[in-house]
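Single-letter residue listing:
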Amino acid sequence: MLFHRYHNKLIQICYRYLDSTEEAEEAVNDTMLNVFNNLKRFEQRASFKTWIYRIAYNQALTRLRKKKLDQVDLDETHEEVSDDTSDDSADRSSQLNSMLERLSLEERSIVVFRIAGDLEFNDIALIVDQKLSTVKMRYKRALEKMAGSASTED
């Protein structure tokens, strides 16, 4: 039940970091293993959703660091998350990925959790381990950067 409830959102989030459907699937699978193995340790200091997103965030960052250490080119063949998307949604996804690539990892994390994860700023602050005011300011700046990059592409 947990797997089905969170799987698609976690794939979307991990994909935004890893730019690979296969890597995102592996990160989500590792996330779910961690969740199941550590379910007894869940302390309810935050919501379950926040806890599971934090685990996925850590999994994605670990994989991203490993990719960089292995010097794997992050611009490998670009796979779409969903095979049944139309050309318009594929273009929008490509544009969003392009805008996200211009953000720092911290900014990207906040934007992805806010938009794709549909999380409140309080939850995002817990996940990325930053103050609420910092998260809000970085989100605002990230949106400004994205808006600036969108206008330069037109």
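Remember, predicted model here, so these are calculated numbers, not experimental data. (Residues numbered from 1 in each chain as written. Predicted model: local features only at pLDDT ≥ 70, side-chain atom pairs only at ≥ 80, totals over all residues. Heavy atoms only, no water.)

K.L.:
Before we go on, may I ask you to explain unusual backbone geometry in this structure?
P.N.:
A negative phi angle characterises most non-glycine residues, just as the trans form characterises most peptide bonds. Although it is not a glycine, Asp 19 adopts a positive phi angle of roughly 55°. Checked against the element boundaries, Asp 19 lands in the loop between α1 (2-18) and α2 (21-38). In this structure Asp 19 comes out as buried when scored by relative accessible area, which is 17%. Even without being a glycine, Asp 118 presents a positive backbone phi close to 55°. In this fold, Asp 118 is placed in the loop between α5 (105-115) and α6 (121-128). Exposure remark for Asp 118: the relative accessible area of 57% places this residue in the exposed category. (Helix = DSSP H or I, 4+ residues; strand = E, 2+ residues; numbered from the N terminus. Buried < 20%, exposed > 50% of the residue type's maximum accessible area, 1.4 Å probe, protein only.)

K.L.:
When you look at the environment of Tyr 53 in this model, what are you seeing that I'm missing?
P.N.:
Secondary-structure assignment places Tyr 53 in helix α3 (residues 48-69). By relative accessible area, which is 1% here, Tyr 53 ends up buried. Between the C-alpha atoms of Tyr 53 and Ile 124, which are 71 residues apart in sequence, the distance is 9.1 Å. When neighbours within four sequence positions are excluded, Tyr 53 is seen to be in contact with Tyr 6, Lys 9, Leu 10, Ile 13, Phe 113, Gly 117, Leu 119 and Ile 127. (Contact = heavy atoms within 4.5 Å.)

K.L.:
Explanation requested: the layout of surface pockets in the structure shown.
P.N.:
Over the atoms, a rolled probe matching the size of one water molecule traces out where space is still vacant. Of the volumes computed, that of the largest pocket is approximately 360 Å³. Lining of the largest pocket is provided by 14 residues; of these, Phe 42, Arg 45, Ala 46, Trp 51 and Arg 54 occupy positions nearest its centre. Of all the secondary structure elements, the ones that give two or more residues to the lining of the largest pocket are α2 and α3. A per-element tally of the lining of the largest pocket places α3 first, with four residues. Looking at side-chain class alone, the lining of the largest pocket contains five nonpolar, four polar and five charged residues. (1 Å grid on protein atoms, 1.4 Å probe; cavity = no way out; pocket = protein on both sides within 12 Å on 5 of 7 lines; lining within 4 Å. Points joined across faces, edges and corners; volume = space filled by probe spheres on them. Nonpolar A, V, L, I, M, F, W, Y, C, P; charged D, E, K, R; others polar.)

K.L.:
What is the right way to read the nonpolar core from this model?
P.N.:
Soluble globular proteins tend to bury their nonpolar side chains together. Membership of the largest hydrophobic core comes to 43 residues, with the highest contact counts inside it found for Tyr 53 and Phe 113. Among the elements of the structure, α1, α2, α3, α4 (87-101), α5, α6 and α7 (132-153) are those that each provide at least two residues to this core. Here the element with the most residues in this core is α3; it accounts for 10 residues. (Core = buried A, V, L, I, M, F, W, Y, C linked by side-chain atoms within 4.5 Å.)

K.L.:
For this particular structure, what's the right way to read the packing of α1 against α5?
P.N.:
A pair of packed helices is captured by two measures, namely the crossing angle of their axes and the spacing between those axes. Interaxial distance between α1 and α5 falls to 10 Å at its minimum, and their mutual angle equals 160°. Relative to α5, the element α1 lies roughly antiparallel. By crossing handedness, the relation of α1 to α5 is classed as right-handed. Residues Ile 13, Arg 16 and Tyr 17 of α1 pack against Leu 105, Arg 108, Ser 109, Val 112 and Phe 113 of α5. (Axes fitted to C-alpha atoms, helices over the stretch in contact; angles between N-to-C directions. Parallel < 35°, antiparallel > 145°, perpendicular 65-115°, else oblique. Left-handed = near helix turned anticlockwise from the far one by under 90°.)

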